[in-house]
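Listed below are the residues making up each chain.
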Amino acid sequence: MTESSANKPANGQVCHRVKNGVKPGRNGFIKNHHHYHHQQPMYCYPEDKVQHTTCNGSSGLGLYSRPFIESFEETPMLVAVLTYMGYGILTIFGYLRDFLRDWKIERCHVAREREEQRDFVPLYQDFENFYTRNLYMRIRDSWNRPICSVPGAKVDLVERVSPDYNWTFDYTGKVVEGVINMGSYNYLGFAENTGYCADASAEVTMKYGVGVASTRQEMGNLDRHEEMEELVAKFLGVESAMAFGMGFATNSMNIPALTGKGCLILSDELNHASLVLGARLSGSTIRVFKHNNMQSLEKMLRDAIVHGQPRTHRPWKKILILVEGIYSMEGSIVRLPEVIALKKRYRAYLYLDEAHSIGALGPGGRGVVDYFGLDPRDVDVMMGTFTKSFGAAGGYIGGRKELLEYLRSHSHSAVYAASMSPPVVEQIIASMKCIMGEDGTTLGRDRVQQLAENTLYFRRRLTEMGFIIYGNNDSPVVPMMLYMPAKIGAFGREMLKRNIGVVVVGFPATPIIESRARFCISAAHTKDMLDTALSVISEVGDLLQVKYSRHKRLIYDQIQD
């Protein structure tokens, strides 16, 4: 696909852009994907309410009914060089410390091959072990922090200290109270211990208990399970739906039931590990296309149709496209209108993972399909999780009735897994009814609206401060780039010192030079909380010198003007 005049900024807008999300070759540029119908205010809080409206006109090759703006600023050259140098220095010191450990001068705490097993097939991959003991351990205190409260807008953390540089931790018995939570996936604020949902779950617990002690196909199918699945299907706008006790297993165990040998899976390069594992377990041929790049996807579809299977050149039994609604490390939103257009053109199937987008996008909180105003019937397999926007656990698959009947008897996660716990089921039912307005209030819709406002406000303020952030303007997942390995741990520690809890991410979860802090915005965050967090982020950003962007504010001002 080539860029048409409909994709170009109107009215003198200035921006740096590349086609279909391919990053430019020169460092220091920004890539923005814009699809406009007309000018709309992109940021507000709280005076100008966010309006989820469709626009008239044509843009994005006539496929987009709303502005679609994403930004990915390239790693500055100097920062990239210094980041590689930092990893190089850490690697040199790591080999030096391994030398000292081999000579028993320094104690090694991690599992290693025993001397008598040196000639055996190794149990541990040497580089991963090397990374863990020499790099990860230096910043291990930034992860796995135990909390002792509801994971709401604020949390309480159990204080811990390490006497041996993060190899082990001791608990002091103290609690760090009132930490602003910028890391949990509590998008709509339903992870709470009071209110309509919590009361409903408590009532069901008293009637049904906590565990079911059986699978759905035996003695574990409750009336609440049936009601939940009917409600999920209604919420998604599909014929049928079924639920599973684990979100990860919803992908990893159901994809193998849908495809097999002789089938082709086209997977986005940034898909979640559960999608990757499911694709591998299926035995299908897997080809990876560039992230959100429609040219790359279309080329693979065309080649698959023209050439067929390797060697035999027989037609593929099935072609399945795997994408996510919101990509949890990039904050980007799938270009679903174009994916659906390609899927129809080449007669492929589409599997959409809405783990992060369901509840968090769209005027009705119905996910990325609702966000773009598309027909749910155009998506063959609609998958999502209840662990984020609904404050519960598990996952679901929705689609045609024939598809769901097939999965009920062929999916390992349906046949062999224990049934979902009744209070968890009730939390899903209550929160979903709240979003749909079936509880008799506007609380759910208000939370969806509040999340959209909080997201736009937080992203705008970070941009104005000079930070490099990734993703779509409407994505509540906000990655802020740190790059250098030493700044991963330092940023998390300094933020916690100032009572802000954040998630920091590095290799291997991200590319080695794209370490980042990831903020998750919630409807439960008040403006005062966000302003406090932003003030601390700015202070720590100045301290650690992570305000890398120098020209991004000018571009955003030009877009908004």
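I will try to describe carefully the structure that is included in this document. These numbers were taken from a predicted model, which means no experiment stands behind them.

## Some thoughts on the overall build of the protein chain
Inference 1: For the protein chain, the helix and strand inventory stands at 16 helices and 16 strands.
Inference 2: Taken across its 561 residues, the protein chain has 55% of its residues classed as buried.
Inference 3: Considering only contacts within the protein chain whose residues lie at least 6 apart along the sequence, 71% involve residues at least 24 apart.

## Section: the sheet that holds strand 3 (residues 154-161)
Inference 1: Taken together, the three strands give an open sheet; going across it, the order is 3-4-14, and neighbouring strands pair in mixed fashion. Each edge of the open sheet carries a strand with a single partner, namely strand 3 and strand 14 (500-501).
Inference 2: Note that strand 3 and strand 4 (residues 170-181) share six bridges and pair antiparallel. What sits directly across from V161, in strand 4, is D170.

## Quick look at the nonpolar core
Inference 1: Of all hydrophobic cores here, the largest spans 112 residues; its most connected members are M182, F386, F458, L462, F491 and F519.
Inference 2: In contact with F386, other than residues within four places in its own chain, are V232, A243, G391, A392, A393, G394, G395, Y396, M420, I428 and M432.
Inference 3: Listed in part, the 18 residues of the second largest apolar core include A279, Y351, L403 and L407.

## Here we look at the pairing of strand 11 (residues 395-399)
Inference 1: Within strand 11, five of the five residues are buried, leaving the element largely enclosed by the surrounding structure.
Inference 2: Here strand 11 shows no split at all, with G395, I397 and G399 on one side and Y396 and G398 on the other all buried.
Inference 3: Of the pairings in the sheet, the one linking strand 5 (residues 240-244) to strand 11 comprises five bridges and is antiparallel in character. Pairing of A243 across the sheet is with Y396, part of strand 11.
Inference 4: For strand 10 (residues 381-385) and strand 11, the ladder comprises four bridges, and the chain directions are antiparallel.

## Observations regarding the packing of aromatic side chains
Inference 1: Applying the stated rule across the entire model yields 15 aromatic pairs.
Inference 2: With 6.3 Å between their ring centres and 50 degrees between their planes, F99 and W103 make a pair best called tilted.
Inference 3: In this structure F99 comes out as partly exposed when scored by relative accessible area, which is 46%.
Inference 4: The class of W103 is exposed, set by a relative accessible area of 60%.
Inference 5: An aromatic cluster of at least three residues, connected via ring pairs, comprises Y64, F68, Y371 and F372.
Inference 6: When the ring centre of F169 is taken as origin, the NZ or CZ atom of R160, which lies over that ring, is 4.1 Å away.
Inference 7: Between R447 and the ring centre of F190, over which it is positioned, the NZ or CZ distance is 4.6 Å.

## A word on the state of the cysteines
Inference 1: Throughout the structure, instances matching the rule amount to zero disulfides.
Inference 2: C197 provides the cysteine sulfur closest to C434, a residue in no disulfide bond, and the two sulfurs are 5.6 Å apart.

## Quick look at the pattern of salt bridges
Pairing of side chains with opposite charge becomes possible as their charged atoms draw close.
Inference 1: In this structure the tally under the stated criterion is 30 salt bridges.
Inference 2: With a closest N to O distance of 3.0 Å, D303 and K299 form a salt bridge. Of this pair, D303 and K299 are both found in helix 7 (residues 294-307), four residues apart, which corresponds to roughly one turn of the helix.
Inference 3: Looking at K299, the relative accessible area reads 48%, which means it is partly exposed.
Inference 4: Between E539 and R498 there is a salt bridge; the shortest N-O distance is 3.1 Å. With a gap of 41 residues between them, E539 in helix 15 (residues 527-544) and R498 in the loop between helix 14 (485-497) and strand 14 connect regions that are remote in the sequence.
Inference 5: When its relative accessible area of 41% is taken as the criterion, E539 is described as partly exposed.
Inference 6: Here the salt bridges share partners, and the residues they tie into one network are R97, D98, R101, E106 and R133.

## A word on unusual backbone geometry
Inference 1: The omega angle of the peptide bond from F507 to P508 is 10 degrees, so this bond is cis rather than trans.
Inference 2: Structurally, P508 is set in the loop between strand 15 (503-505) and strand 16 (515-520).
Inference 3: Unusually for a residue other than glycine, H313 sits at a positive phi of about 60 degrees.
Inference 4: Here H313 lies in the loop between helix 7 and strand 8 (318-324).
Inference 5: According to the relative accessible area criterion, H313 is exposed, its value standing at 54%.

## Observations concerning the packing of helix 4 (residues 223-236) against helix 12 (residues 422-436)
Inference 1: In the contact formed by helix 4 and helix 12, the axes pass within 10 Å of each other and the chain directions differ by 30 degrees. Classified by the angle between their axes, helix 4 and helix 12 sit roughly parallel to one another. The way helix 4 lies across helix 12 gives a crossing that is left-handed. Along its contact with helix 4, which presents R224, H225, E227, M228, L231, V232, K234 and F235, the element helix 12 presents V425, E426, I428, I429, M432, K433, I435 and M436.
Inference 2: Its residues assigned to classes, the contact of helix 4 with helix 12 comprises 10 nonpolar, one polar and five charged.

## Observations concerning the side chain of R160
Inference 1: Relative to the helices and strands, R160 is located in strand 3.
Inference 2: Buried within the structure, R160 lacks any salt-bridge partner; D141 is the closest side chain of opposite charge, at an N-O distance of 6.6 Å.
Inference 3: From its side chain, R160 meets the backbone oxygen of N144 in a polar contact 3.2 Å long.
Inference 4: Setting aside chain neighbours within four positions, we find R160 in contact with R140, D141, W143, N144, R145, P146, F169, D170 and Y171.

Parameters and conventions
Residues numbered from 1 in each chain as written. Predicted model: local features only at pLDDT ≥ 70, side-chain atom pairs only at ≥ 80, totals over all residues. Heavy atoms only, no water. Helix = DSSP H or I, 4+ residues; strand = E, 2+ residues; numbered from the N terminus. Buried < 20%, exposed > 50% of the residue type's maximum accessible area, 1.4 Å probe, protein only. Contact = heavy atoms within 4.5 Å. Pairing = 2+ DSSP bridges. Core = buried A, V, L, I, M, F, W, Y, C linked by side-chain atoms within 4.5 Å. Phe/Tyr/Trp six-rings, centres within 6.5 Å; stacked < 30°, edge-to-face > 60°. Lys NZ or Arg CZ within 6 Å of the ring centre and 35° of its normal. Disulfide = S-S within 2.5 Å. Salt bridge = Lys/Arg side-chain N within 4 Å of Asp/Glu carboxyl O. Axes fitted to C-alpha atoms, helices over the stretch in contact; angles between N-to-C directions. Parallel < 35°, antiparallel > 145°, perpendicular 65-115°, else oblique. Left-handed = near helix turned anticlockwise from the far one by under 90°. Nonpolar A, V, L, I, M, F, W, Y, C, P; charged D, E, K, R; others polar. Lys, Arg positive; Asp, Glu negative; His and termini not counted. Polar contact = N/O pair within 3.5 Å; in protein donor to acceptor, adjacent residues only side chain to side chain.

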